[in-house]
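Here is how the chains run, residue by residue.
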Amino acid sequence: METCSFIDFIQVLTPWLDSDYIRKGYLDEKGNFRLFFADGGEKVYRIDDCSESRLKEVFEMMIKKGIPVEKGE
């Protein structure tokens, strides 16, 4: 798991923001954001300065690119 700021996360995510690379995004019950890649890989991020509304922005960006997003309960 990688801990990062919201801005750092967006910088890492943006070049890969395509359904050809990212299969799914998932916010787990612990608040970790998981990215599942098309090649079967997975990367887990803990965004340490992020509110729920900022995460919704990320969800919307991913959905616009055709990447499904789920939120665990």
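To be clear, the structure that these remarks concern was listed above.
As the structure is a computational prediction, the values presented were derived from the model and not from experiment.

Asker: Looking at this structure, how should I read the packing of helix 1 (residues 6-13) against helix 2 (residues 52-64)?
Answerer: When two helices pack together, their arrangement is given by the angle between their axes and by how far apart the axes lie. Where helix 1 contacts helix 2, the two axes come as close as 12 Å, and the packing angle between them is 5°. As far as their axial angle goes, helix 2 and helix 1 are roughly parallel. Touching F6, F9, I10 and L13 of helix 1 are R54, E57, V58 and M61, all from helix 2. Split by residue class, the contact of helix 1 with helix 2 holds six nonpolar, no polar and two charged.

Asker: Explain the pattern of salt bridges to me, please; I cannot follow it from the model alone.
Answerer: Think of it this way: side chains of opposite charge can pair up when their charged atoms draw near. Scanning the model with the defined rule gives five salt bridges in all. K43 serves as the salt-bridge partner of E2, at 3.3 Å between the closest nitrogen and oxygen. Of this pair, E2 sits in strand 1 (residues 2-4) while K43 sits in strand 4 (residues 42-47), and the two are 41 residues apart along the sequence. A salt bridge links R54 to E57, with the nearest nitrogen and oxygen atoms 3.5 Å apart.

Asker: Explanation requested: the environment of K24 in the structure shown.
Answerer: Here K24 shows up in strand 2 (residues 22-27). Setting aside its immediate chain neighbours within four residues, K24 contacts R34, L35, F36, I67, P68 and E70.

How each quantity is defined
Residues numbered from 1 in each chain as written. Predicted model: local features only at pLDDT ≥ 70, side-chain atom pairs only at ≥ 80, totals over all residues. Heavy atoms only, no water. Axes fitted to C-alpha atoms, helices over the stretch in contact; angles between N-to-C directions. Helix = DSSP H or I, 4+ residues; strand = E, 2+ residues; numbered from the N terminus. Parallel < 35°, antiparallel > 145°, perpendicular 65-115°, else oblique. Contact = heavy atoms within 4.5 Å. Nonpolar A, V, L, I, M, F, W, Y, C, P; charged D, E, K, R; others polar. Salt bridge = Lys/Arg side-chain N within 4 Å of Asp/Glu carboxyl O.

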